[in-house]
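The residues making up each chain are set out below.
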Amino acid sequence: MANKNTNLHKAKKKRFDEFYTTYETIEDEVSHYREQFNGKIVLCNCDNPFKSNFCKFFLKNFNKLGLKRLICTSYEPSDTIQIDLFTSIYECSNRKHGKILDITEIKNGELNISDEFVENYLQTSGVVRELEGDGDFKSKECVENLKICDIVVTNPPFSLFNDFVLEIRKYQKNFLIIGNQNALTYKDIFPLIQNGEIWTGYQFGEMKFRVPSDSEPRSTRYWVDETGQKWRSLGNAMWLTNLDNERRHETLKLIKSFNPEIHVKYDNYDAIHIRNITEIPFDYQGIMGVPITIINRYNSEQFEIIGEANHGSDSKYDIFKPIINGKEQFKRILIRNKTI
Ligand SMILES: C[S@@+](CC[C@H](N)C(=O)[O-])C[C@H]1O[C@@H](n2cnc3c(N)ncnc32)[C@H](O)[C@@H]1O
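Residues numbered from 1 in each chain as written. Predicted model: local features only at pLDDT ≥ 70, side-chain atom pairs only at ≥ 80, totals over all residues.

> I tried to follow the nonpolar core on my own but got confused; where do I start?
Side chains of a nonpolar character, in soluble globular proteins, are inclined to be buried together. Ranked by internal contacts, the top residues of the largest apolar core, which has 68 residues, are Val 42, Phe 58 and Met 288. The element that contributes the greatest number of residues to this core is helix α3 (residues 53-60), accounting for 5 residues. Looking at this core, you find at least three residues from each of domain 1 (2-81 + 90-245) and domain 2 (250-337). Discounting residues that sit within four places of it in the chain, Met 288 has contacts with Ala 271, Ile 272, Ile 274, Ile 280 and Ile 335. (Core = buried A, V, L, I, M, F, W, Y, C linked by C-beta atoms within 7 Å. Buried ≥ 20, exposed ≤ 12 C-beta atoms within 10 Å, placed from the backbone. Helix = DSSP H or I, 4+ residues; strand = E, 2+ residues; numbered from the N terminus. Domains from an automatic or database assignment. Contact = placed C-beta atoms within 7 Å.)

> Can you walk me through the domain arrangement of the protein chain in this structure?
The parts lose accessible area when they come together, and the size of an interface is often stated as this lost area. In terms of domains, the protein chain is made up of domain 1 (2-81 + 90-245) and domain 2 (250-337). Taking only C-alpha atoms, the centre of domain 1 and the centre of domain 2 are 33 Å apart. Facing 12 residues of domain 1, the contacting portion of domain 2 comprises 12 residues. For the side of domain 1 that touches domain 2, the secondary-structure elements that each account for two or more residues are α8 (190-194) and β10 (199-211). Here the side of domain 1 that touches domain 2 is built from residues that sort into 6 nonpolar, 5 polar and 1 charged. (Nonpolar A, V, L, I, M, F, W, Y, C, P; charged D, E, K, R; others polar.)

> Explain unusual backbone geometry here, please?
Glycine aside, negative phi is the norm for most residues, and most peptide bonds take the trans geometry. One non-glycine residue with positive phi stands out, namely Lys 107, at about 45 degrees. When you line up the elements, Lys 107 lands in the loop between β6 (99-103) and α5 (115-124). Positive phi, normally seen in glycine, also occurs at Asn 108, with a value near 45 degrees. Considering the arrangement of structural elements, one finds Asn 108 in the loop between β6 and α5.

> Help me understand the packing of helix α2 (residues 23-30) against α3 in this model?
Pairs of packed helices are described in terms of their axes, by the angle between the two and the distance that separates them. Taken N-terminus to C-terminus, the directions of α2 and α3 make an angle of 50 degrees; their axes are 9 Å apart at the nearest point. The angle between α2 and α3 places the two elements in the oblique class. For α2 against α3, the interelement crossing comes out right-handed. Side by side, α2 and α3 meet where Tyr 23, Ile 26 and Glu 27 of the first sit next to Asn 53, Phe 54, Lys 56 and Phe 57 of the second. (Axes fitted to C-alpha atoms, helices over the stretch in contact; angles between N-to-C directions. Parallel < 35°, antiparallel > 145°, perpendicular 65-115°, else oblique. Left-handed = near helix turned anticlockwise from the far one by under 90°.)

> How should the site of the ligand be read in this particular structure?
The environment of the ligand is made up of 19 residues, and the closest members are Tyr 20, Thr 21, Cys 46, Tyr 75 and Asn 155. Elements represented by at least two residues in the shell around the ligand include exactly β1 (20-21) and α3. In terms of residue class, the shell around the ligand is built from 9 nonpolar, 6 polar and 4 charged. (Near = placed C-beta within 6 Å.)

> What is the right way to look at the sheet that holds strand β14 (residues 287-290) in this model?
Strand pairing within a sheet occurs via backbone hydrogen bonds; the two strands may be parallel or antiparallel. Taken together, 4 strands build an open sheet; the order of strands is β13-β14-β18-β15 and the sheet is mixed. The outermost strands of the open sheet, each flanked by one partner alone, are β13 (271-273) and β15 (303-309). Here the strands of the sheet are splayed against their neighbours by 30 degrees on average, with no regard to which way each runs. Here β13 pairs with β14 via 3 bridges, running parallel. From the neighbouring strand, Ile 272 faces β14, where its bridge partner is Met 288. (Pairing = 2+ DSSP bridges.)

> Would you mind going over the environment of Val 128 with me for this structure?
When you line up the elements, Val 128 lands in strand β7 (residues 128-130). Classification of Val 128 as partly exposed rests on a count of 19 C-beta atoms within 10 Å. On a C-alpha basis, the gap between Val 128 and Cys 72 in space is 9.2 Å, while along the polypeptide they are 56 residues apart. Those residues in contact with Val 128, other than ones at most four positions away along the chain, are Pro 49, Phe 50, Lys 99, Leu 101 and Leu 122.

> In this structure, what is going on with α5? I would like to understand it.
Each α-helix winds once per 3.6 residues, and so residues spaced three or four apart point in a common direction. Taken across its 10 residues, α5 has 0 buried, putting it largely on the surface. One or two steps after α5, the chain reaches Gly 126, where phi turns positive at roughly 70 degrees.

> I would appreciate a short explanation of the pairing of β10 in the present structure.
For a regular strand, side chains alternate in direction, first toward one face of the sheet and then toward the other. When β1 meets β10, the two strands line up antiparallel, connected through 2 bridges. Bridge pairing in β10 places Tyr 20 opposite Arg 210. Judged from the 9 bridges that link them, β10 and strand β12 (residues 230-241) form a sheet pairing that is antiparallel. In the sheet register, Lys 208 faces β12, and the bridge partner there is Ser 233.

> Help me understand the environment of Pro 212, please; the structure alone is not making it clear to me.
Within the secondary structure, Pro 212 is located in the loop between β10 and β11 (222-224). The spacing of Pro 212 and Pro 157 is 55 residues in sequence and 14 Å in space, taken between C-alpha atoms.

So this is what it looks like as structure tokens:
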């Protein structure tokens, strides 16, 4: 039974892995970092060159951004079939190959590259070939691409997000990737946020994604468009990056003054509970427990992140379980105003 539950849990997690990013989501975000792409090698390592809008975006904008090289690789996991030969179970693996597109120039430096050109280029120029292996981002041949690239840009599988970030960090690469805000408090990600090594991008919250045709219908955040394409949206999506952006240097305007009636203390820790970011007082010197969305407004010159208040046990950063009048509260990020 335990095994069945684990498999079900894994299958559920994997369903979130097949969320395909829209062209506009990528265009809107990259527009904030244009100069940082100039002369760079971009790697999209969870991206089928024929299907991914990351690949399409960087092909169309290869010359405008002044890219040096673009590498896109896709993952094709092997099918494992179980054959029961009179109660002896044999596993048969049908080994598949991922795909790779690897270019250093396109269309003689022309700035405006059309959708039609890109489509034709992918289909007829033989520019996409097979990888030796399945295209797993941790496979040897894919890691070789990671080693030589400057910036990784993709929407990686949500279920492998922690590993994916660790892998990029291992090779000290820049990145601009899509994830779920829950990842902000993962044990390997939170310390990087706290230490100001990584931060969020511009789009934080609503994001819509194309999903495969066999996706189950849902009552919320799911629709089918007039072409029959299925869609899902997430209310807690985000871009995560270590490319500098203006947003992280903006000062959050604070308009409320400290009021002990509103800004109540936790039962079990010397910090005040802040229900909403707009309620952060400008004149409180101590520790404040604020909603996790603060991370998208966090300016390390204005605030210091002390830790988180979640289960009170997960890691050394998870300082206490937030409780007020005996009632458990939703997780909070603990901050202190550095400017007062
Ligand atoms: C959230 S989807 C996004 C796809 C594409 N990057 C996009 O945004 O449209 C994540 C993709 O990662 C691929 N993937 C899953 N496991 C992988 C692995 N170990 N290595 C590389 N890619 C993987 C999945 O096949 C899936 O297409």
